[in-house]
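Descriptive structure summary
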Amino acid sequence: MRLLSVVLVLLGALLSSCAHQNASRGEVLRVGIMADYPPIIFRDDSGELAGLEVDFANQLGAALARPVSFREYSLAGLFAALEEGEIDIIMSGISITPQRQQQYLFSLPYTTIGQMAVVRLSDAAKMSAPGVLLRSDFRVGFKKGTTGEALVQSKTNNGVGFDSNALAMDALVGGQVDAFVHDAPTVWNLANNPQYRSDLLGLYKPLTSEQLAWVMAPENRRLKQEVDAVLKQWMNSGELMRLKHKWIPVKILSAE
């Protein structure tokens, strides 16, 4: 009789697990984004969402048999929305940090990047020597809430925060700051933008080494397992490399 009870309990648990897995199929995958991070995620000239994370999200949704709904927030708003249960996953070029790992679940990293600086072309010679940028009186801009802010604030008292990349770039071109520090893909994208190409130069010497990944709530371990399984498939098939090369057609070395 005891054996029968154990069997029934195990069978019930198995059926409950299967039902939970099947229930997620078809449910909307609510993806939190901040569309101010070209070429990772941004709005194109027509106002449509574009970038690496958009392709990732759409293909992840297809792999999980879940339609995708993008929900846009500020950087701080992304984490608040995750905590409030408004979204299932953040896919917006988020760096893994020890502090964030204490609060959230991260997927397997999908790429390694570093912080870099973009400067005015006329200042490049005096700012390109290793370490000079963050050990001087140069005014260094950063986007608020990013790992670029953490780097700049830890190295200099001359950091200037901005709410968007566009505001930071206007300040750089206008002479209000001497450099803008951001993730390598963004610096590469900005420095090669025809709008700035004649005035600005990217300093392609990484200042840090960081891994980018997707973020989930700590109680959503099942989704993390499913997401990691898809990422492993993409790594093995070459799909991950293909998508990254589509949006970042250069190899950006880390600081290591």
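Right, let's walk through the structure included here. (Residues numbered from 1 in each chain as written. Predicted model: local features only at pLDDT ≥ 70, side-chain atom pairs only at ≥ 80, totals over all residues. Heavy atoms only, no water.)

Regarding its fold elements, the chain presents ten helices and 14 strands. Burial statistics for the chain: of 256 residues in total, 47% are counted as buried. Summarising the internal contacts of the chain: among those between residues at least 6 apart in sequence, 71% fall at separations of at least 24. Looking at the chain as shown, the accessible area adds up to about 13,000 Å², and 53% of this sits on carbon and sulfur atoms. (Helix = DSSP H or I, 4+ residues; strand = E, 2+ residues; numbered from the N terminus. Buried < 20%, exposed > 50% of the residue type's maximum accessible area, 1.4 Å probe, protein only. Contact = heavy atoms within 4.5 Å. Areas by Shrake-Rupley, 256 points an atom, 1.4 Å probe, with all protein chains shown as cover.)

With that out of the way, let us pick up the pairing of strand 6 (residues 89-95). The buried fraction of strand 6 amounts to seven of the seven residues, a majority that puts the element mostly inside the structure. Two strands pair when backbone bridges link them, and strand 1 (residues 29-33) and strand 6 are joined in this way by two bridges, in the parallel orientation. Counterpart to valine 31 in the pairing with strand 6 is isoleucine 89. Note: strand 6 against strand 14 (residues 210-216), three bridges, orientation antiparallel. (Pairing = 2+ DSSP bridges.)

Across the seven residues of strand 14, six count as buried, placing the element largely inside the fold. In this sheet, strand 14 lies alongside strand 7 (residues 105-106) in antiparallel orientation, the contact comprising two bridges. Residue pairing across strands places phenylalanine 106 opposite valine 215, the latter belonging to strand 14. Sheet topology places strand 8 (residues 111-113) next to strand 14; three bridges connect them, and they run antiparallel. Bridge pairing in strand 14 links isoleucine 113 to glutamate 210.

So, on to the side chain of threonine 186. Mapped onto the elements of the fold, threonine 186 is located in helix 8 (residues 184-191). Polar side-chain contacts of threonine 186 include one of 3.1 Å to the backbone oxygen of proline 38. Leave out the neighbours within four places in its chain, and threonine 186 touches Tyr37, Pro38, Pro39 and Asn165. (Polar contact = N/O pair within 3.5 Å; in protein donor to acceptor, adjacent residues only side chain to side chain.)

Here we come to the sheet that holds strand 9 (residues 115-120). A sheet is described by the order of its strands in space; here five strands give the open sequence 11-10-12-9-13, paired in mixed fashion. Here the strands that pair on one side only, and so sit at the sheet edges, are strand 11 (159-162) and strand 13 (200-203). Taking the axes of each pair of neighbouring strands and ignoring which way they run, one obtains an average angle of 30° across the sheet. Relative to strand 13, strand 9 is paired through four bridges, and the arrangement is antiparallel. Looking at the pairing, valine 119 lines up with leucine 201 of strand 13. (Axes fitted to C-alpha atoms, helices over the stretch in contact; angles between N-to-C directions.)

Moving on, we get to the packing of helix 2 (residues 52-63) against helix 9 (residues 221-237). Direction vectors running N to C along helix 2 and helix 9 enclose 110°, while the axes themselves pass 10 Å from each other. When the interaxial angle is binned, helix 2 and helix 9 end up roughly perpendicular. Here Phe56, Gln59, Leu60 and Ala63 of helix 2 lie close against helix 9, whose contacting residues are Val227, Val230 and Trp234. Per-class residue counts for the contact of helix 2 with helix 9 are six nonpolar, one polar and no charged. (Parallel < 35°, antiparallel > 145°, perpendicular 65-115°, else oblique. Nonpolar A, V, L, I, M, F, W, Y, C, P; charged D, E, K, R; others polar.)

With respect to topology, three strands assemble into an open sheet ordered 2-3-4, the strand pairing being antiparallel. Each end of this open sheet is capped by a strand with a single partner; those strands are strand 2 (36-37) and strand 4 (49-50). In this sheet, strand 3 (residues 41-43) lies alongside strand 2 in antiparallel orientation, the contact comprising two bridges. Bridging from a neighbouring strand, aspartate 36 pairs with phenylalanine 42 of strand 3.

Within the secondary structure, aspartate 44 is located in the loop between strand 3 and strand 4. Judged by its relative accessible area of 30%, aspartate 44 is partly exposed. Only 2.7 Å separates the side chain of aspartate 44 from the side chain of serine 46, close enough to count as a polar contact.

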